[in-house]
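So the chains spell out like this:
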Amino acid sequence: RDYQSIPDGAFIAFKWSSPASTYYCAIDDIQMFIAPTCLAPTAVTFNNVSGNSAEVTWSPRYEESNWFYYYGLEGFDPRPDAGEYIGVGYVSADMLPLNLEGLTENTAYDFYVLSDCSSELSEMSEAFSFRTPCASLDVPWSENFDSYEFAAGYAGPRILPDCWSYVGTPYV
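Residues numbered from 1 in each chain as written. Predicted model: local features only at pLDDT ≥ 70, side-chain atom pairs only at ≥ 80, totals over all residues. Heavy atoms only, no water.

Enquirer: Would you mind going over a nonpolar patch on the surface in detail, with residue names and values included?
Expert: A cluster of nonpolar side chains, namely Leu137, Trp141 and Trp164, defines an oily patch on the protein surface of about 310 Å² accessible area. Assignment of secondary structure puts Trp141 in the loop between strand S9 (128-131) and strand S10 (150-152). (Patch = residues over 30% accessible without salt bridge, like charges linked within 9 Å, V, L, I, M, F, W, Y side chains within 5 Å. Areas by Shrake-Rupley, 256 points an atom, 1.4 Å probe, with all protein chains shown as cover. Salt bridge = Lys/Arg side-chain N within 4 Å of Asp/Glu carboxyl O. Helix = DSSP H or I, 4+ residues; strand = E, 2+ residues; numbered from the N terminus.)

Take a look at the structure:
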């Protein structure tokens, strides 16, 4: 059959039966559509992530060599009209890896990318996430954590802020 002539919104159902038994299996609500030729990149990776920058690269899925990207705080709405992104840009293959700058220490970010295939744009990619590391401290430095609450009322270890962990057994 010429699948190009199937109208948009057409639905097809399949039915299976076994001649050896009275059991049946039905599959329905199948939709057919022409797959897009311009796909969002995959295998987004973050390298050299520091407290204020990160390098980003990805694998093209087509013959595209230009991309739009958006990044923002974890969970942001990536739609351009939502305006929740921190950074947005347009890059070509010769500009990869992309360097994101002006990031904040100990912060989770989401990154989205879409392909520009000349005649069409891909859908927005899934969210790819990364976290910048905690800031380093200059020495000498001291913190006694007296201002932090106990995990279980007045018994047990204190609840430590981000970037801190216990070494050995915590005590009160």
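Enquirer: How would you sum up the sheet that holds strand S4 (residues 53-59)? Please name residues and give values.
Expert: With antiparallel pairing, the three strands of this open sheet are ordered in space as S3-S4-S7. Edge positions in the open sheet fall to strand S3 (42-47) and strand S7 (98-101), since each of these has one partner strand only. Going from strand to strand, the sheet's axes swing by 25 degrees on average, the running direction of each strand aside. (Pairing = 2+ DSSP bridges. Axes fitted to C-alpha atoms, helices over the stretch in contact; angles between N-to-C directions.)

Enquirer: Which residues make up the nonpolar core, and what values go with them?
Expert: Counting residues in hydrophobic clusters, the biggest one holds 17 residues, and the most contacted among them are Val44, Val56, Trp58, Leu98, Leu100 and Phe111. For this core, the elements supplying multiple residues, two or more each, are S3, S4, strand S5 (66-73), S7, strand S8 (108-116) and S9. Contacts of Val44, omitting those with residues within four sequence positions, involve Val56, Thr57, Trp58, Phe111, Val113 and Phe128. (Core = buried A, V, L, I, M, F, W, Y, C linked by side-chain atoms within 4.5 Å. Buried < 20%, exposed > 50% of the residue type's maximum accessible area, 1.4 Å probe, protein only. Contact = heavy atoms within 4.5 Å.)

Enquirer: Can you lay out the sheet that holds S9 for me, pointing to particular residues and giving the numbers?
Expert: Judged by pairing direction, the sheet is antiparallel, and its four strands sit side by side in the order S6-S5-S8-S9 without closing on themselves. Sheet topology places strand S6 (87-92) and S9 at the edges, where each strand pairs with a single neighbour. On average, each strand axis in the sheet is inclined to that of its neighbour by 25 degrees, with strand direction left out of account. Direction of pairing for S5 relative to S8: antiparallel, over a ladder of eight bridges. Across the sheet, residue Phe68 finds its bridge partner in S8, namely Leu114.

Enquirer: Describe the state of the cysteines, listing the residues and the values that go with them.
Expert: Taken as a whole and judged by the stated rule, the model has two disulfides. Covalent S-S linkage joins Cys38 and Cys117, the inter-sulfur distance amounting to 2.0 Å. Across the S-S bond of Cys38 and Cys117 the torsion is about 80 degrees, and the bridge reads as right-handed. Taken together, the residues Cys38 in the loop between strand S2 (24-31) and S3 and Cys117 in the loop between S8 and S9 connect sequence positions 79 residues apart. Given a relative accessible area of 3%, Cys38 falls into the buried group. In this model, Cys134 is linked to Cys163 through a disulfide, with the two sulfur atoms separated by 1.7 Å. (Disulfide = S-S within 2.5 Å.)

Enquirer: For the packing of aromatic side chains, give the residues involved together with the corresponding values.
Expert: One pass over the full model with this rule turns up ten aromatic pairs. Look at Tyr109 and Phe130: their rings are 5.4 Å apart centre to centre, the planes differ by 20 degrees, and that puts the pair in the stacked class. Within this pair, whereas Tyr109 is found in strand S8, its partner Phe130 is found in strand S9, the two being separated by 21 residues in sequence. You can call Tyr109 buried: its relative accessible area is 2%. On the basis of relative accessible area, Phe130 is assigned to the buried category, the value being 8%. An aromatic cluster is defined as three or more aromatic residues linked by ring pairs; in this entry it consists of Phe46, Trp58, Trp67, Tyr69, Tyr71, Tyr109, Phe111 and Phe130. (Phe/Tyr/Trp six-rings, centres within 6.5 Å; stacked < 30°, edge-to-face > 60°.)

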